[in-house]
Every structure is written in structure tokens, then in C-alpha cells.
Amino acid sequence: MAQKILVVDDEQPIADILKFNLEKEGYDVILAYDGDEAIRQANEEMPDLILLDIMLPGRDGNEVCREIRKTQSMPIIMLTAKDAEIDKVLGLELGADDYVTKPFSNREVIARVKANIRRQQQIPDDAVQTTKNIEIGRLVIHPDAYAVTRDGVQLELTHREFELLHYLARHIGQVMTREHLLETVWGYDYFGDVRTVDVTIRRLREKIEENPSNPMWIVTRRGVGYYLRNPEQE
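Residues numbered from 1 in each chain as written. Predicted model: local features only at pLDDT ≥ 70, side-chain atom pairs only at ≥ 80, totals over all residues. Heavy atoms only, no water.

Some points on the pattern of salt bridges
- As enumerated under the stated definition, the model contains 19 salt bridges in all.
- We note a salt bridge from Arg160 to Asp97, for which the minimum N-O separation is 3.5 Å. Here Arg160 is found in helix H6 (residues 159-170), whereas its partner Asp97 is found in the loop between helix H4 (85-93) and strand S5 (98-101), with 63 residues between them in sequence.
- Taken together, the shared-partner salt bridges in this structure form one network comprising Asp9, Glu11, Asp53 and Lys102. (Salt bridge = Lys/Arg side-chain N within 4 Å of Asp/Glu carboxyl O. Helix = DSSP H or I, 4+ residues; strand = E, 2+ residues; numbered from the N terminus.)

What about the side chain of Thr149?
- Here Thr149 is to be found in strand S8 (residues 147-150).
- Within polar-contact distance, the side chain of Thr149 engages the side chain of His142 at 3.0 Å.
- Residue contacts for Thr149: discarding those within four places in its chain leaves Arg138, Leu139, Val140, His142 and Gln154. (Polar contact = N/O pair within 3.5 Å; in protein donor to acceptor, adjacent residues only side chain to side chain. Contact = heavy atoms within 4.5 Å.)

Some thoughts on the packing of helix H2 (residues 35-45) against helix H3 (residues 61-68)
- Where H2 meets H3, the axes come as close as 9 Å, and the angle between the chain directions of the two elements is 25°. Considering their axes alone, H2 and H3 lie roughly parallel with respect to each other. Handedness of the H2/H3 crossing: right-handed. Between H2, through Gly35, Ala38, Ile39 and Ala42, and H3, the contact on the second element is made entirely by Val64, Glu67 and Ile68.
- Here the contact of H2 with H3 is composed, by residue class, of 5 nonpolar, 1 polar and 1 charged. (Axes fitted to C-alpha atoms, helices over the stretch in contact; angles between N-to-C directions. Parallel < 35°, antiparallel > 145°, perpendicular 65-115°, else oblique. Left-handed = near helix turned anticlockwise from the far one by under 90°. Nonpolar A, V, L, I, M, F, W, Y, C, P; charged D, E, K, R; others polar.)

So, the confidence of the model for the protein
- Of the residues in the protein, 90% reach a pLDDT of 70 or more, and the chain-wide mean stands at 87.
- Across the protein, the secondary-structure element scoring lowest on mean pLDDT is H4, at 70, and the one scoring highest is strand S1 (residues 4-8), at 98.
- Contacts of residues 123-129 to residues separated by more than four positions or lying in other chains number 8 contacts, the stretch itself having pLDDT below 50. (pLDDT = per-residue confidence, 0-100.)

A look at the sheet that holds strand S7 (residues 139-142)
- Read from one edge of the open sheet, 4 strands run S6-S7-S8-S9, paired in antiparallel fashion. Where the open sheet ends on each side, the last strands, each with one partner, are strand S6 (134-136) and strand S9 (153-155). With direction set aside, neighbouring strand axes in the sheet form an average angle of 25°.
- Pairing analysis gives 3 bridges linking S6 to S7, with the strands arranged antiparallel. Note on S7: the bridge partner recorded for Ile134 is Ile141.
- Contacting S6, S7 and S8, H6 runs over the sheet at an angle of about 110° to S7. (Pairing = 2+ DSSP bridges.)

Here it is as C-alpha cells:
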């Protein structure tokens, strides 16, 4: 069955072009032209991925992203004419997985879509198909359920946040550069922006750490990258 993509853009020519090119790649495409319609389509159609424009009439893309993230975890790629760093960071902090700045090439959009869907579906090669729980002190990662618990209470993580934490947990104690994490967890390197990693790490800390400004689990190695540690073994 073809993967389903929801394209949300109030500019019909752009939406139509995206629909045409995505259908050429074999995807099933649904269109929405405003924020309320996007939320309704996301809930009814349960797409595999959403391409979401920020500048929408009524509810803007950031509001739509925030609302969808309350109940769903499919990849969301933001489409924006704004190139300011703060706009990109805000979208990522609200739960978006990626962003593309207009004007964009169809090749770039297709590459981002494929990478995000691939990461949503596949088990990383070096996971060796393991489904054993990973216990890091009070933090437990449950690969089978794509869930994380702290002190027995399940934490609400997005798919991308889970993938990032799971990858760090499988390489506990090893410092990972932002570029390496972008390539292995997001599934691409050329199109990616390392700031995406920083924002996702910050979101993860807010969810798993009791004091995100003084993290126990996810540690920054200044000038290099990040690593996961077990505070109970130190």
C-alpha cells in the first residue's frame, strides 16, 4: 500500500506541484489549504508524513503542528518562506522533525520525505534487530513499544525523540557529533542542519531530565557533541 502524505499549503499552485511530484514517486497525496482542514485531515486520514506550510490562514503551521503533536507522532516537515533561525527553531521545538525553506527544489523535498519516512519505518542496522529493554538507572527504553519510562511512568516522546534517545542508549558513553547523529538518526547528511540535533536534544532533556539545565543523562561534550551516561554508575 502506498504511503500517504498530507500536503498543507494555502498556495494552490505550490500544493499542486508538490502533489504531482510526490505522486510520481508513488505516494498517495492528500491536500489541505488551511490549518483547521489540516488538523481534520491529519486525524481522519492518519498520513505517514505531513508537509506543513507555516504561513496559513487562520491557524498557522506552528499552531497546527502543536495540535497534531498532542495525539500523533508521524514525521512533520515544515515548509516556510522565512529563513530566520528563530522560525526554524520554533517549528522544531513544537515537534516538527524537519523544515524546508522556500523557494525549494522538488529534489530536496523528495529527499527529505524519503529520509523521514525511511527513518519512521526501519530498524537501524546496528540495532541488530534487538528488542531487549535498555535500563539506564531509573530510565528504561522499551524498543518493542517505542516507549520510554522513568520511574515506571511513560514519557511522551515523538518518534524522532525516541530514535535519538534509543541510538544514544545503544552507544552509551560514546560521544556523538551532531553531524553523525544527523546522518544516522535523521537518515541524511547533505540536506540537514545540525541545529536540528541541538533542538531535539533540548526537547528530550525537557522530557526525561528532572532538571534540564543540569542534565543527568544526556551530556554535552563542548565543541564535540553529545553522549548518554548512567548517573547511577558514576
